[in-house]
Amino acid sequence: MSVNKVILVGNVGKDPEVKYLDNGVAVCNFSLATSETYNNKSGEKVTQTEWHNIVLWRKLAEIAETYVKKGMQIYVEGQLRTRNWEDKDGVKRYTTEIFGTTMQMLGRKAENSSEPQGSPEVAQQTTSDSSDAEETDDLPF
């Protein structure tokens with residue numbers, strides 16, 4: 001058994017960039033910053049920031065294009081994916097990305113007052129085309 005699950009809460013580093021593939025499928029890329037603050041041995045406050053590359057597909061990408069903006073705090077859940085390619089000089093390059101499957105916009109409504117009425121609070125994308133409704137009907141809550 002193995003698990004590949006990532007949960008991040010952070011601030012969007014740049015407005016999402018959305019591209020549409022030839023078959024009409026949307027893919028969205030943006031950076032997400034997560035920060036940790038602690039006191040070092042000298043008692044000084046230190047903030048350490050990690051930057052994550054987020055990739056969203058299909059409907060989730062379209063939702064991010066419409067509602068997600070630089071500086072917003074969001075929750076992203078997904079999987080780590082590493083891909084490689086050769087650059088123009090023939091050097092093999094690698095990048096690790098978060099393949100997002102769930103996204104939730106956080107913060108108070110006043111912070112995101114420019115959002116259109118009725119904006120989604122939670123967006124989720126399933127990786128399979130099969131319906132899971134039958135499996136969840138027996139849940140006790």
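Placed above this text is the structure.
Just so you know, these numbers come straight off a predicted model, no measurement behind them. (Residues numbered from 1 in each chain as written. Predicted model: local features only at pLDDT ≥ 70, side-chain atom pairs only at ≥ 80, totals over all residues. Heavy atoms only, no water.)

A. Region of the structure containing the overall build of the protein chain. Along the protein chain, the regular secondary structure elements total two helices and seven strands. Starting at the N terminus and ending at the C terminus, the protein chain contains elements arranged as β-β-β-β-α-β-β-β-α. Taking all 141 residues of the protein chain together, 33% fall into the buried category. Sequence-distant contacts in the protein chain: of pairs separated by 6 or more residues, those separated by 24 or more amount to 55%. Of the roughly 10,200 Å² that the protein chain leaves accessible, carbon and sulfur atoms contribute 45%. (Helix = DSSP H or I, 4+ residues; strand = E, 2+ residues; numbered from the N terminus. Buried < 20%, exposed > 50% of the residue type's maximum accessible area, 1.4 Å probe, protein only. Contact = heavy atoms within 4.5 Å. Areas by Shrake-Rupley, 256 points an atom, 1.4 Å probe, with all protein chains shown as cover.)

B. Structural view of the packing of aromatic side chains. In this structure the tally under the stated criterion is zero aromatic pairs. Stacked on the ring of F99, the Lys or Arg R81 has its end atom at 4.1 Å from the ring centre. (Phe/Tyr/Trp six-rings, centres within 6.5 Å; stacked < 30°, edge-to-face > 60°. Lys NZ or Arg CZ within 6 Å of the ring centre and 35° of its normal.)

C. Highlighting helix 1 (residues 58-67). Among the residues of helix 1, L60, A61, I63, A64 and Y67 are the ones counted as buried. All buried residues of helix 1 lie within an arc of 160 degrees about the axis, which places them on one face of the element. (Arc of directions from axis to C-beta.)

D. Spatial organisation of the environment of R93. The topology assignment puts R93 in strand 6 (residues 92-105). Along the primary structure R93 and R83 are separated by ten residues, whereas in three dimensions their C-alpha atoms are 8.4 Å apart. Ignoring anything within four residues of it in the chain, the contact list for R93 reads R83, N84, W85 and D87.

Just distances and angles here, no functional claims.
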